[in-house]
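One letter stands for each residue in the lines below.
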Amino acid sequence: MIKVFEDFDFSRVGQMQSLLESNGIRTFLKNQYGSSVMGEVPFVEVVPQLFILKNKDLLRAKELLRLDLPVESPKPDWVCAQCGEENEGTFDECWKCGS
Ligand SMILES: [Zn+2]
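Here the residue index of a chain counts from 1 through its sequence in written order. Where local features are concerned, this predicted model is filtered to residues with pLDDT of at least 70; where side-chain atom pairs are given and counted, the filter is 80 or more; whole-chain, interface and lining totals use all residues. With hydrogens and water excluded, all non-hydrogen atoms of the structure serve as input to the side-chain values.

Ligating atoms shown are N, O and S within 2.8 Å of the metal, or 3.2 Å for Na, K and Ca, and water is not included, meaning a site may look less than complete. Coordination sphere of the zinc ion, protein contribution only: Cys80 (SG), Cys83 (SG), Cys94 (SG) and Cys97 (SG), at 2.3 Å. Sites are called tetrahedral only when four donors show all angles between 85 and 135 degrees, square planar or octahedral only when four or six donors show opposite pairs over 155 degrees and all other angles between 65 and 115, and irregular in any remaining case. Of note is the zinc ion, whose four donor atoms meet at the metal with angles of 106 to 115° in an arrangement that counts as tetrahedral. The sequence pattern formed by the donor residues of the zinc ion is C-x2-C-x10-C-x2-C. Of this pair, Cys83 sits in the loop between β4 (78-79) and β5 (86-87) while Cys97 sits in the segment after β5, and the two are 14 residues apart along the sequence. Any residue under 20% of the maximum accessible area for its type is buried, any over 50% is exposed, and the rest in between are partly exposed; the area is computed with a 1.4 Å probe on protein chains only. Taking the relative accessible area as the measure of exposure, Cys83 reaches 36% and is therefore partly exposed. A run of H or I in DSSP counts as a helix once it spans at least four residues, and a run of E counts as a strand once it spans at least two, with each numbered from the N terminus.

Residue alternation in strand β3 (residues 49-52) divides its side chains into two sets, Gln49 and Phe51 and Leu50 and Ile52, and both sets are buried. Two strands are said to pair when DSSP picks up at least two bridges between them. With four bridges connecting them, strand β1 (residues 2-6) and β3 associate as antiparallel partners. Bridged to Lys3 within β3 is Phe51. Note that strand β2 (residues 27-30) and β3 share four bridges and pair antiparallel. The residue of β3 that forms the bridge with Leu29 is Leu50.

Moving on: the nonpolar core. Of all hydrophobic cores here, the largest spans twelve residues; its members are Val4, Phe5, Val13, Met16, Leu20, Ile25, Leu29, Leu50, Ile52, Ala61, Leu64 and Leu65. Counting residues per element, the ones that place at least two in this core are β1, α1 (10-22), β3 and α2 (58-68). Residues count as neighbours in contact if any of their non-hydrogen atoms are within 4.5 Å of one another. Excluding residues within four positions of it along the chain, Ile52 makes contact with Met1, Ile2, Val4, Leu20, Ile25, Arg26, Thr27, Asp57, Leu58 and Ala61. Think of a nonpolar core as a cluster: buried Ala, Val, Leu, Ile, Met, Phe, Trp, Tyr and Cys residues, connected wherever their side-chain atoms sit within 4.5 Å.

Moving on to the pattern of salt bridges. Salt bridge, as applied in this entry: a Lys or Arg side-chain nitrogen positioned within 4 Å of an Asp or Glu carboxyl oxygen. Following the criterion strictly, the structure yields four salt bridges and no others. Among the salt bridges present, the one from Asp57 reaches Lys56, with a minimum N-O distance of 3.7 Å. With its nearest N and O atoms 3.4 Å apart, the salt bridge here joins Lys96 to Glu85. Of this pair, Lys96 sits in the segment after β5 while Glu85 is found in the loop between β4 and β5, placing the two residues eleven residues apart along the sequence. Note on Lys96: relative accessible area 53%, which makes it exposed.

Written out as C-alpha cells, the structure is:
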C-alpha cells in the first residue's frame, strides 16, 4: 500500500479517491473520520490520507492526481482605479474606460 495523497480537506481527498477508483485503481482511505475526533489524537494522525492498494498503480495514480490539480487559481475581480467600475479578473484593462 502506498500513500498517494493527503489533505486536511476531506472532500478533496474523497474527490481524488473517486477519480482513481473510476480509473480502475483500488484505493484505501485512512483517517476518513479524522475531523470528528480532532482534539483527541495528535493533529498529524487525523489528516485524511489516500492510499493505493497495488504498487503497480503508482505511476498511473500520480498522473491522474497531477492532472486534476488546479493549474492556476482564478484571478479575483478588481475595481478600476479610474472610474470605479468592477471588472472580472480575466480582464487586464477596464472594460468601461480602458485604463
Ligand atoms: Zn475604468
